4 protein chains.
Amino acid sequence: MNTFGTLFRLTTFGESHGPALGGVVDGMPAGIEVDTDYVQQQLDRRRPGQSRLTTARAEADRVEFLSGIFEGRTTGCPIGFIIRNTNAHSSDYEEMRLAYRPSHADFTYQRKYGIRDYRGGGRSSARETACRVVAGALAQLALRQVGIRVAAYVSQVGDIRLDGTYKDYNLADAELNEVRCPEAATAARMADLILKVKGEGDTVGGIVSCVATGCPVGLGEPIFGKLQASLAAAMMSINAAKGFDYGAGFEGLTQRGSEQNDLFVPDGQGGITTQTNRSGGIQGGISNGQDIYFRVAFKPVATLLREQATVGTDGQATTLRARGRHDACVLPRAVPVVEAMAAIVLLDALLLSKTTRI
Amino acid sequence: MNTFGTLFRLTTFGESHGPALGGVVDGMPAGIEVDTDYVQQQLDRRRPGQSRLTTARAEADRVEFLSGIFEGRTTGCPIGFIIRNTNAHSSDYEEMRLAYRPSHADFTYQRKYGIRDYRGGGRSSARETACRVVAGALAQLALRQVGIRVAAYVSQVGDIRLDGTYKDYNLADAELNEVRCPEAATAARMADLILKVKGEGDTVGGIVSCVATGCPVGLGEPIFGKLQASLAAAMMSINAAKGFDYGAGFEGLTQRGSEQNDLFVPDGQGGITTQTNRSGGIQGGISNGQDIYFRVAFKPVATLLREQATVGTDGQATTLRARGRHDACVLPRAVPVVEAMAAIVLLDALLLSKTTRI
Amino acid sequence: MNTFGTLFRLTTFGESHGPALGGVVDGMPAGIEVDTDYVQQQLDRRRPGQSRLTTARAEADRVEFLSGIFEGRTTGCPIGFIIRNTNAHSSDYEEMRLAYRPSHADFTYQRKYGIRDYRGGGRSSARETACRVVAGALAQLALRQVGIRVAAYVSQVGDIRLDGTYKDYNLADAELNEVRCPEAATAARMADLILKVKGEGDTVGGIVSCVATGCPVGLGEPIFGKLQASLAAAMMSINAAKGFDYGAGFEGLTQRGSEQNDLFVPDGQGGITTQTNRSGGIQGGISNGQDIYFRVAFKPVATLLREQATVGTDGQATTLRARGRHDACVLPRAVPVVEAMAAIVLLDALLLSKTTRI
Amino acid sequence: MNTFGTLFRLTTFGESHGPALGGVVDGMPAGIEVDTDYVQQQLDRRRPGQSRLTTARAEADRVEFLSGIFEGRTTGCPIGFIIRNTNAHSSDYEEMRLAYRPSHADFTYQRKYGIRDYRGGGRSSARETACRVVAGALAQLALRQVGIRVAAYVSQVGDIRLDGTYKDYNLADAELNEVRCPEAATAARMADLILKVKGEGDTVGGIVSCVATGCPVGLGEPIFGKLQASLAAAMMSINAAKGFDYGAGFEGLTQRGSEQNDLFVPDGQGGITTQTNRSGGIQGGISNGQDIYFRVAFKPVATLLREQATVGTDGQATTLRARGRHDACVLPRAVPVVEAMAAIVLLDALLLSKTTRI
């Protein structure tokens, strides 16, 4: 199940310490201009080693497109691409050959497949998400043609959280700091926490919030293809994601229906809008033209740079202390991944929405 | 997109006020004994009119199996089934023909399709979930053969919530009260709240928690088919679901990695287990043999028995007061639906897990 | 795998001697007027007992629509339907419980599933194709909106074959005789052959030819979704189909490229057409705007009303003489099934073709 | 639609004159030893420039595996691979930028996508089938573990055809000559014909026959997933394929049912076999344990090295004479492609067959 999507489909491959990662984007609309600088910028936002907050692995993460683009535009044919691994230190992972990292995928992969590439987590490494960022960037280039924009930001790290909603900030400000939180003061506190935790050889989790603007009415396919279901599947497929909600979500449960309902009102231009948007832009699984917003919870990274008790592949108790280069907090680098998966879902939904009538 | 699943697949059809709802279960393993009483019991748990807490619509919800079962056992062929609608009061919905209910699917369906069956919400009605319960009951009959059990319960209504985790209760007790909360005292408070809210013509939301026990190691297909991604898609496809998390989820975000990691330990019988289970039984998208548990947040029902401002299909501001028979709180009836979708996901994952090696 | 199609999807269920057959049509475009008489007429063309050439089983084959249609038009929601079995004589099949009919599916179903509904072939009965005819009729109603028409006819029975191509006949004439061959004299000879073979307790095969007119350029999704690949899958999924070819097909293999190529010429109206159409309307897997035509070979029916040697479920040699009511030649009744599957493929391709550009 | 398969899935990308072709094989069973020499040998059988009968394009067609293989064995993770294009002469195709080759995909791609990579046919080039050969070779390595073998050969070129069936030859002999026909004398006549046609700047078609041995009972998923339907889809997706039949196929249509039926007989070892195998190893869409055999018709190559009338992209009549390097007959090189697609279908069916019972 290394393919995601119905009409706009991403298939990925590659391990953390193999020769390359890569993917195939199928169903890309034809005739879209491909701004390769933009794609690389998105990759750079996810790249390891981009700041003191992230892992020191120095990967350039250069994408090489192999097909599907002709004279600068998409042809409607599949877009194959690869990203070479250039800075893999496999020797750092020798001990993971012999023991299972707690709360990591080593044990389950070994049991499911009877074999695993233990180097850097192999296929289970979050390096795989680089391919999602490439596909997401292509999706965003297409979505822009119809005015849809996706923006994510860090809204919580550990117990430090933004007080406001996405409307209270200039989301572009998130790119001004290394945490990717749009409020400078909170971002600074979050950065301090991450550095503190990192210094302790520990890790910390948090929340990425995301908003899509400019969506037309009609994205989402009831019953099982509800837009929130596709978004949830997309987000929960990201490494370390533990939770998803949209609109009023978990936090709106103390409201009554009369408090949470979004009343329809004429928009003054012959159309219909809503007074509030606690629905998060989706009603009955279909976008209603309002902003779509949701949250994704990420757990603290499982790989710790401190000793932990575990069990070896021989079934005996042992201890393990990771030596590889790891993030103490995935949140800053998860921001472009959340955006990418959101863009993939929305473009897929947009293409599907074109098939409702003949 | 009225089909869910990869190998074990449910396709549903039917509207709230049409002649019948129904579905097709494809990929059901052959040779499973079908306990039709058990299937009907599950439907009865979801049935409207089952208690003073639920809508008064008096539907028998009798399932008629049309295929795929021979001499009491499944044949591996698709199981078609229908549930006749017998107590539809379409006249109650006349005003919905002319105006859009706030936070409901009326508006989005109309715009997406250019036509809608407004009677009782048509296809967007939660009556569709009856078909899921049928398929889920069949899935549970298959899962039992390998020792997998699924149980859900109401853990929060409005601001009343259970303090403990699923391990602190006898989950079978949830069936002893009309709320389906396993602790009698909390259940009573929840019931009081629902009745109070109902009396006010208002509605209230909450959380259904669910646990699957007896799962082998190996369920879930990385990368995009992670078990939590499939569960999230399944749950978020249920009417009124607003959020999903599993394991430590949103509530574990203040923990450090060293606090949240589940250390592996020998299980004393030659196998491997974990000291804790904050992972919720899933690591790297694959079940690790521990209990799988997750939560689903449900918003307050959108249809209120009180007047709300809205817009008519003519684009003019108007007011609407629902006259149909509606739940003030979906939680008690959502319990069997959550169980059903979980069973569908787990059986699908179980079948997929058989194809990993030749 | 009881579902066919990508965007326009048919899922079927039901056995020959169960309570009902049925299906779900998903992805039907919204707003199409449903002429239920037309649908029933198509079913009547496939119905058993319609002439002296077909089985005597007297099934009315009345379709009951259960959803997806509102005030006479499709809503974009799934269309569930059932066809009750009313004339099953299960006692005729008692001997098939104990022995495997030669060249039939009894043996393979038993071994694959470990259980089978032996009555009338159960799920492997060609009665299942009634559901395809319903879906195909709905697809044709949609295709008509854009000027696409599908017509099939019998072009060969045993060694009697039409000399001309589809352009040499008025295809509507095929409905004037019980064989569904558009040339009366050939049809009469075919009918004589079928009756002669029937009298001998034997069976005979042949070819159904089919043509789709009015297709726009652009149907078909290279590489694996080539239009001819989808058509081939559709046709070869019909009971008793043994072969498929399109355009010049098997019969054009003695031509050189210079003889088979279709030269492009200006159509005199600013567009482009081809001088000939040996490509069968498809180039590179994509329709080129010319007529799409193809052939489907059907084997002689396997069930004979004469004694045949076989093996019993006990593994012992035995003999079997079918007592049920069976066709001596499926060709006349296969015509509407071929049309239906073609329409399903074409509508699916049409919907897919709308997603090529944004 | 650049993905094929349900559980064993191949996704391909790449154009004839781009930097590389490639693909992703997903669902490969874990733990299979990868004999990379074997894979390369299969590619070499498809390689251009391998004999005087084929195009002179001198591509090494070296496959580079990028993932999914660890210490020589498959890991169950997706296998990404690329094949660099090294001998593209794009200047040969300049005239194809301005005019549509008759019976080729130039016109349909241009109209469907509004843009096309005209160099060497771009995506529509049969070079794409190299990726299928890689995936097919991997599939064959897995199938061998359970004793399934696939072998194809050229049985007809133009009007020269083998008289016997696959049982009359030693199929390994097909590799002894450049035509890949197992009978030396016929092969020589076929070679002469191809060279004669080539000398005339013309092309010729023919038939590839294929047989799979060692298949267990139970491959194939009725109703729409019948084994013959999957094989037909696979074969008809190959460039230039015009027809498919299996078992007695088109040639058995003059037989009566009593002549074509395969009588079951005890196999003398407690099992069941058939006296004859006109069913081609498939009954009711499911393999019956006998040899599976089928034929694929390939048209004469459309690209001619002689002048043809056509229309330019400007809509004006013009003429075109191809200058690129092209095969006069695809049959010899189609043999490994047919084998590859058959192996892909059979492995997919084998994996699916493991999910029938719990």
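From a predicted model like this one, the values you see are computed outputs, not experimental measurements.

Considerations on the overall build of chain A
At step 1: When helices and strands are tallied, chain A shows eight helices and 18 strands.
At step 2: Whereas a compact globule of 358 residues would reach a radius of gyration of roughly 21 Å, chain A reaches 21 Å, a difference of no more than 12%.
At step 3: Expressed as lengths along the three principal axes of its C-alpha atoms, the size of chain A is roughly 70 × 50 × 35 Å.
At step 4: Sequence-distant contacts, at least 24 apart, represent 70% of the contacts inside chain A between residues at least 6 apart.
At step 5: When the accessible surface of chain A is split by element, carbon and sulfur atoms take 45% of a total near 10,700 Å².
At step 6: Computing the positive centroid from 39 side-chain charges and the negative centroid from 38, chain A places the two 4 Å apart.

Quick look at the sheet that holds strand β4 (residues 63-65) of chain B
Residues and elements named next belong to chain B.
At step 1: Taken in spatial order, the five strands line up as β1-β2-β3-β7-β4 in an open sheet, and their pairing is antiparallel. The two strands at the open ends of the sheet, each matched to only one other strand, are β1 (3-4) and β4.
At step 2: Looking at chain direction, β4 and strand β7 (residues 79-84) are connected through three bridges and run antiparallel. Bridging across to β7, E64 finds its partner in I82.

Section: the pairing of strand β10 (residues 206-213) of chain A
All names here are of chain A.
At step 1: Most of β10 sits out of view: seven of its eight residues are buried.
At step 2: By the bridge criterion, eight bridges tie strand β8 (residues 149-157) to β10 in an arrangement that is antiparallel. Considered in β10, the bridge of Y153 is made with S209.
At step 3: Here β10 runs beside strand β16 (residues 292-298); their pairing, made up of seven bridges, is antiparallel. Its bridge partner being in β16, V211 is matched across the sheet by Y293.

Observations concerning the sheet that holds strand β4 (residues 63-65) of chain D
All names here are of chain D.
At step 1: Spatial ordering of the open sheet is given by β1-β2-β3-β7-β4, a layout of five strands whose pairing is antiparallel. Both outer strands of the open sheet, β1 (3-4) and β4, are each paired with one neighbouring strand and no more.
At step 2: Inspection of the sheet shows strand β2 (residues 9-13) paired to strand β3 (residues 20-26) by five bridges, in the antiparallel sense. Its bridge partner being in β3, L10 is matched across the sheet by V25.
At step 3: Across the sheet, helix α1 (residues 36-46) touches β4 and β7 (79-84), and the angle it forms with β4 is around 145 degrees.

Section: the relation of the copies chain D and chain C
At step 1: For the pair chain D and chain C, the superposition axis carries a translation of 0.0 Å, the fit reaches an RMSD of 0.0 Å, and the rotation angle comes to 180 degrees. One copy is carried onto the other by what is essentially a two-fold rotation axis.
At step 2: A symmetric contact is evident, with 100% of the interface residues of chain D recurring at the interface of chain C.

Regarding the interface of chain A and chain C
At step 1: Taken together, the 16 residues of chain A in the interface contact 16 residues of chain C.
At step 2: Here chain A meets chain C over a buried area of about 1,300 Å², counting both sides, of which 76% is carbon and sulfur.
At step 3: Of all residues in chain A, the largest losses of buried area upon contact with chain C belong to K354, T355 and I358 of chain A, amounting jointly to 47% of the total for that side.
At step 4: Between the two partners, chain A and chain C, sit zero salt bridges.
At step 5: Across the contact surface, chain A and chain C share four residue pairs in polar contact (both at pLDDT 80 or more).
At step 6: Top element by residues in the side of chain A that touches chain C is helix α8 (residues 331-353) of chain A. It accounts for four residues.

Comments concerning the packing of aromatic side chains
At step 1: Tallying each qualifying case throughout the model produces 38 aromatic pairs over all chains.
At step 2: Aromatic side chains Y109 of chain A and Y113 of chain A sit 5.7 Å apart centroid to centroid with 55 degrees between the ring planes, which places their arrangement in the tilted category. Residue Y109 of chain A and its partner Y113 of chain A are located together in helix α3 (residues 106-113), separated by four residues, close to a single helical turn.
At step 3: The buried category is assigned to Y113 of chain A, whose relative accessible area is 5%.
At step 4: An aromatic cluster is defined as three or more aromatic residues linked by ring pairs; in this entry it consists of Y100 and F107 of chain A together with F264 of chain B.
At step 5: Between K242 of chain B and the ring centre of Y246 of chain A, over which it is positioned, the NZ or CZ distance is 4.0 Å.

A short note on the interface of chain D and chain C
At step 1: Between chain D and chain C, the residue contacts involve 106 residues of the former and 106 residues of the latter.
At step 2: For the chain D and chain C pair, buried surface summed over both sides reaches about 8,100 Å², with 64% attributable to carbon and sulfur atoms.
At step 3: There are two salt bridges connecting chain D and chain C.
At step 4: Measuring nitrogen to oxygen at the nearest pair gives 2.8 Å for the salt bridge that ties E221 of chain D to K112 of chain C.
At step 5: Our count for the chain D to chain C interface comes out at 39 residue pairs in polar contact (both at pLDDT 80 or more).

Thoughts on unusual backbone geometry
At step 1: Each neighbour pair has its own omega, and for P222 of chain A with I223 of chain A the value is 15 degrees, a cis peptide bond.
At step 2: With respect to the secondary-structure elements, I223 of chain A resides in the loop between β10 and α6 (227-236).
At step 3: One non-glycine residue, D61 of chain A, adopts positive backbone phi at about 50 degrees.
At step 4: Locating D61 of chain A in the fold gives a position in the loop between α1 (36-46) and β4 (63-65).
At step 5: Classification of D61 of chain A by relative accessible area gives buried; the value is 1%.
At step 6: Its identity is not glycine, yet R180 of chain B carries a phi of approximately 70 degrees, on the positive side.

Structural notes on helix α3 (residues 106-113) of chain D
At step 1: The buried fraction of α3 of chain D amounts to six of the eight residues, a majority that puts the element mostly inside the structure.
At step 2: Inspection of α3 of chain D places D106, F107, T108, Y109, K112 and Y113 of chain D among the buried residues, and these make up the whole buried set.
At step 3: If you follow the buried residues of α3 of chain D, they end up packed against β12 (264-266), β13 (272-274), β14 (282-283), β15 (286-287) and α8 (331-353) of chain C.

Describing helix α6 (residues 227-236) of chain D
At step 1: In terms of burial, α6 of chain D is largely enclosed, as nine of its 10 residues are buried.
At step 2: Those residues of α6 of chain D that sit buried are L227, Q228, A229, L231, A232, A233, A234, M235 and M236 of chain D.

Brief notes about the environment of P222 of chain C
At step 1: Within the element layout of this structure, P222 of chain C appears in the loop between β10 (206-213) and α6 (227-236).
At step 2: Sequence-distant contacts of P222 of chain C, that is, excluding residues within four places in its chain, are made with G284 and I286 of chain C together with M1, N2, Y109 and Y113 of chain D.

Digging into the relation of the copies chain A and chain C
At step 1: The operation relating chain A to chain C is a screw motion whose rotation component is 180 degrees, with 0.0 Å of axial translation and a residual RMSD of 0.0 Å.
At step 2: Both copies present the same face, since 100% of the interface residues in chain A are matched by interface residues at the equivalent positions in chain C.

Structural notes on the nonpolar core
At step 1: With 403 residues, the main nonpolar core has M235 of chain A, M235 of chain B, M235 of chain C together with M235 of chain D as its most contacted residues.
At step 2: Once residues within four sequence positions are removed from consideration, M235 of chain B is found in contact with A241, F244, F294, V296, V338, M341 and A342 of chain B.

Concerning the pairing of strand β17 (residues 308-311) of chain B
All names here are of chain B.
At step 1: Here four bridges tie β17 to strand β18 (residues 317-320), and the two strands are oriented antiparallel to one another. Paired with A309 across the bridge in β18 is T319.
At step 2: Counted along the chain from β17 to the antiparallel partner β18, the turn is five residues long, and its residue G315 has a positive phi close to 85 degrees.

Remarks on the packing of α6 of chain C against α6 of chain D
At step 1: Remark: α6 of chain C packs on α6 of chain D, axes separated minimally by 8 Å, with the N-to-C direction vectors making an angle of 165 degrees. Compared by their axis directions, α6 of chain C and α6 of chain D come out roughly antiparallel. Between α6 of chain C and α6 of chain D lies a crossing whose hand is right-handed. On the side of α6 of chain C, the interface is formed by Q228, A229, A232, A233 and M236 of chain C, while α6 of chain D contributes Q228, A229, A232, A233 and M236 of chain D.

Side note on the environment of S67 of chain D
At step 1: For S67 of chain D, the location among the structural elements is in the loop between β4 and β5 (69-70).
At step 2: Judged by its relative accessible area of 3%, S67 of chain D is buried.
At step 3: Each C-alpha atom, one on S67 of chain D and one on V345 of chain D, is 22 Å from the other, the two residues being 278 residues apart in sequence.
At step 4: What S67 of chain D contacts, discounting residues up to four positions off in sequence, is F13, G14 and E15 of chain A together with P78, I79 and G80 of chain D.
At step 5: A distance of 2.8 Å separates a polar atom in the side chain of S67 of chain D from the backbone oxygen of P78 of chain D.
At step 6: Only 2.9 Å separates the side chain of S67 of chain D from the backbone nitrogen of G80 of chain D, close enough to count as a polar contact.

Observations regarding the pattern of salt bridges
At step 1: The tally for this structure, following the rule as stated, stands at 76 salt bridges over all chains.
At step 2: The partner of E251 of chain C in a salt bridge is R161 of chain C, and the shortest N-O contact between them spans 3.4 Å. You can see E251 of chain C sitting in the loop between β11 (241-246) and α7 (257-260) and its partner R161 of chain C sitting in strand β9 (residues 160-161), a full 90 residues away along the chain.
At step 3: In this structure, E178 of chain D and R52 of chain D form a salt bridge, with 2.4 Å as the shortest nitrogen-oxygen distance. Of this pair, E178 of chain D sits in the loop between β9 (160-161) and α5 (184-199) while R52 of chain D is found in the loop between α1 and β4, placing the two residues 126 residues apart along the sequence.
At step 4: Judged by its relative accessible area of 48%, R52 of chain D falls in the partly exposed class.
At step 5: Here the salt bridges share partners, and the residues they tie into one network are R45, E175, R180 and E339 of chain A.

Let's talk about the confidence of the model for chain A
At step 1: When pLDDT is averaged across chain A, the result is 95; 99% of the residues are at 70 or more.
At step 2: The ipTM, which scores confidence in the relative placement of chains, is 0.97 for this predicted complex, and the corresponding pTM is 0.98.

Calculation criteria
- Residues numbered from 1 in each chain as written.
- Chains lettered and ligands numbered in written order.
- Predicted model: local features only at pLDDT ≥ 70, side-chain atom pairs only at ≥ 80, totals over all residues.
- Heavy atoms only, no water.
- Helix = DSSP H or I, 4+ residues; strand = E, 2+ residues; numbered from the N terminus.
- Rg over C-alpha atoms; globule rule 2.2 N^0.38 Å.
- Contact = heavy atoms within 4.5 Å.
- Areas by Shrake-Rupley, 256 points an atom, 1.4 Å probe, with all protein chains shown as cover.
- Lys, Arg positive; Asp, Glu negative; His and termini not counted.
- Charge placed at Lys NZ, Arg CZ, Asp CG, Glu CD.
- Pairing = 2+ DSSP bridges.
- Buried < 20%, exposed > 50% of the residue type's maximum accessible area, 1.4 Å probe, protein only.
- Axes fitted to C-alpha atoms, helices over the stretch in contact; angles between N-to-C directions.
- Least-squares fit on C-alpha atoms with pLDDT ≥ 70 in both.
- Buried area = accessible area lost by both parts, 1.4 Å probe.
- Salt bridge = Lys/Arg side-chain N within 4 Å of Asp/Glu carboxyl O.
- Polar contact = N/O pair within 3.5 Å; in protein donor to acceptor, adjacent residues only side chain to side chain.
- Phe/Tyr/Trp six-rings, centres within 6.5 Å; stacked < 30°, edge-to-face > 60°.
- Lys NZ or Arg CZ within 6 Å of the ring centre and 35° of its normal.
- Core = buried A, V, L, I, M, F, W, Y, C linked by side-chain atoms within 4.5 Å.
- Parallel < 35°, antiparallel > 145°, perpendicular 65-115°, else oblique.
- Left-handed = near helix turned anticlockwise from the far one by under 90°.
- pLDDT = per-residue confidence, 0-100.

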